[in-house]
Amino acid sequence: MSSNESENERYEMLVNGDIHKVIPRLAVPTIISMLITTIYNMADTFFVSQLGTSASGAVGIIFSAMAIIQALSFTIGMGSGNYMARCLGAGRHEDGERAVSVAFFTGFLLGTCLGVFCLFHIDQVVMLLGATETIKPYAVEYARYIFLATPFMMCSFIMNNLLRLQGLAAFAMVGITAGGILNIALDPIFIFGYCGEALSGTTGAAVATVIGQFCGAGMTLYFNTRKNPDIQISFKGFRPSAKAIGRIYTVGLPSIAMQCVGSLMTFGMNLILMAFSATAVAVFGVYFKLQSFVFLPIFGLNNGMVPIISYNYGARRPNRVKKTIKLAVCYAEGIMLAGFCIFQFAPRQVLSIFAASDAMLAI
């Protein structure tokens with residue numbers, strides 16, 4: 001299939017296809033990939049919880065830092081991807097391609113700077129995130145490898161967003177799922193010392209996460225450069241300017257604002273809870289991951305509808321934009337109702353997945 005045929009088919013699907021069919025087609029792969037992400041985040045907590053409350057609390061503490069990294073990535077990915085989709089909907093192919101190159105290289109450079117800074121101030125960072133003296137050693141072990149992988153984590157999240165916003169959600173799903181499955185498979189091998197003492201415990205959990213993220217970043221980069229004929233990433237297209245970055249952040253800043261509110265809430269709650277006990281911090285860390293398991297399908301649904309909205313906005317089809325939003329809201333309400341029922345009627349059962357002690361269950 002030629003580049004023009006591929007682009008024309010995608011344009012036809014997004015601008016003229018049946019919305020009842022197009023939303024699930026784009027949203028389901030995205031929801032699956034985001035659920036896999038949640039599952040492998042939960043896998044870290046599950047396996048680390050076998051090592052004790054302090055180790056489990058450390059993973060919960062660093063999860064808020066990972067949420068900030070993810071928020072920065074989504075800002076760049078959503079901002080550039082949305083602009084790119086509007087350009088493709090309006091037929092401005094070259095502008096869309098330039099936005100993709102700016103997004104990739106900006107994310108890698110920002111991730112490198114952020115990772116290096118956090119590594120040089122790792123003790124202060126983990127304490128700032130809410131670690132207690134008992135949790136701190138485990139948190140430092142876990143965070144060290146996470147910060148080393150920050151550039152690859154950011155690129156993985158950005159590339160996934162760019163694939164989704166071009167209507168290529170299936171490729172995005174394969175990339176993130178492969179990394180997640182690899183992470184889950186490696187967790188028990190590393191955590192319980194099958195690769196040696198140096199790579200056991202929380203260090204092993206972090207190494208498994210890093211390998212999974214590196215694999216995901218590699219696959220999403222491959223799909224963007226080899227399996228997507230419409231948009232190509234090239235260093236030639238990397239011409240950062242105030243105008244280009246302004247376009248990205250105009251759309252992306254609301255995403256980072258929402259993500260940062262969640263991270264600030266987590267940080268504030270950890271500060272409050274550590275005044276009671278490390279067990280309370282561990283309970284909140286587990287709860288936050290369980291909450292994410294319900295919320296991420298909504299984010300996936302949102303990411304699935306954005307390409308439709310962006311293309312139709314570029315193609316000047318406002319009625320189709322409104323219809324897409326209304327239908328997506330109905331789907332989201334159904335998902336949240338199911339999550340509400342699980343939390344209300346089976347809290348002990350979901351907490352027991354993480355080997356919750358009697359003290360944790362009481363809280």
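Please refer to the structure placed before this passage.
Since we're looking at a predicted model, the values are computed, not measured.

Trainee: Mind showing me how you'd approach the overall build of the chain here?
Mentor: Within the chain, the regular secondary structure consists of 14 helices and zero strands. Relative to its 363 residues, the chain shows a buried fraction of 54%. Carbon together with sulfur atoms contributes 68% to the accessible area of the chain, which is approximately 15,900 Å² in total.

Trainee: How should helix 11 (residues 278-314) be read in this particular structure?
Mentor: Residues spaced three or four apart along an α-helix face the same direction, because each turn holds 3.6 residues. A rise of 1.5 Å per residue sets the reference length of helix 11, with its 37 residues, at 54 Å; its end C-alpha atoms lie 51 Å apart and thus fit the reference within 8%. The largest bend along helix 11 reaches roughly 35° and is located at V294, with the proline P297 sitting one to four residues downstream. Extensive coverage of helix 11 is indicated by the burial of 30 of its 37 residues. Phi turns positive, to about 60°, at R316, one or two residues after helix 11.

Trainee: Please explain the packing of aromatic side chains as it appears in this structure.
Mentor: The geometry of an aromatic ring pair comes down to the distance between the two centres and the angle between the two planes. Scanning the entire structure with this criterion turns up seven aromatic pairs. Between F152 and F214, the ring centres sit 5.0 Å apart and the planes meet at 70°, which makes this aromatic pair edge-to-face. A residue pair is termed long-range when its members are at least 10 positions apart, and F152 in helix 7 (residues 150-165) and F214 in helix 9 (residues 201-226) qualify at 62 residues. Given the relative accessible area of 32%, F152 is considered partly exposed.

Trainee: How should I be thinking about the layout of surface pockets in this particular structure?
Mentor: A probe as big as a water molecule, rolled over the atoms, marks out the empty space that is left. Computed from the structure, the second largest pocket encloses a volume of approximately 300 Å³. If you tally residues by element for the lining of the second largest pocket, the top one is helix 3 (residues 53-89), at four residues. For the lining of the second largest pocket, the per-class residue count stands at 12 nonpolar, two polar and no charged.

Trainee: Got a minute to help me understand the environment of Q70 in this structure?
Mentor: Note that Q70 resides in helix 3. With 87 residues separating them in the primary sequence, Q70 and F157 have C-alpha atoms 6.9 Å apart.

Trainee: Just checking my understanding: could you explain a nonpolar patch on the surface for this structure?
Mentor: Residues L51, I189, F192 and Y194 make up a contiguous nonpolar surface patch of about 410 Å² in total accessible area. Within the secondary structure, I189 is located in helix 8 (residues 169-191).

Trainee: I tried to follow the packing of helix 6 (residues 136-148) against helix 7 on my own but got confused; where do I start?
Mentor: How two helices pack is summed up by the angle between their axes together with the distance between the axes. Viewed as axis vectors pointing N to C, helix 6 and helix 7 meet at an angle of 60°, and their least axial separation amounts to 4 Å. Looking at the two axes, helix 6 sits oblique to helix 7. Along the contact surface, helix 6 presents I146, F147 and L148, while helix 7 presents T150, P151 and M153. For the contact of helix 6 with helix 7, the per-class residue count stands at five nonpolar, one polar and no charged.

Each value, and the rule that gives it
Residues numbered from 1 in each chain as written. Predicted model: local features only at pLDDT ≥ 70, side-chain atom pairs only at ≥ 80, totals over all residues. Heavy atoms only, no water. Helix = DSSP H or I, 4+ residues; strand = E, 2+ residues; numbered from the N terminus. Buried < 20%, exposed > 50% of the residue type's maximum accessible area, 1.4 Å probe, protein only. Areas by Shrake-Rupley, 256 points an atom, 1.4 Å probe, with all protein chains shown as cover. Expected span 1.5 Å × (residues − 1). Bend = angle between axes of the 7 residues up to and from the residue. Phe/Tyr/Trp six-rings, centres within 6.5 Å; stacked < 30°, edge-to-face > 60°. 1 Å grid on protein atoms, 1.4 Å probe; cavity = no way out; pocket = protein on both sides within 12 Å on 5 of 7 lines; lining within 4 Å. Points joined across faces, edges and corners; volume = space filled by probe spheres on them. Nonpolar A, V, L, I, M, F, W, Y, C, P; charged D, E, K, R; others polar. Patch = residues over 30% accessible without salt bridge, like charges linked within 9 Å, V, L, I, M, F, W, Y side chains within 5 Å. Salt bridge = Lys/Arg side-chain N within 4 Å of Asp/Glu carboxyl O. Axes fitted to C-alpha atoms, helices over the stretch in contact; angles between N-to-C directions. Parallel < 35°, antiparallel > 145°, perpendicular 65-115°, else oblique. Contact = heavy atoms within 4.5 Å.

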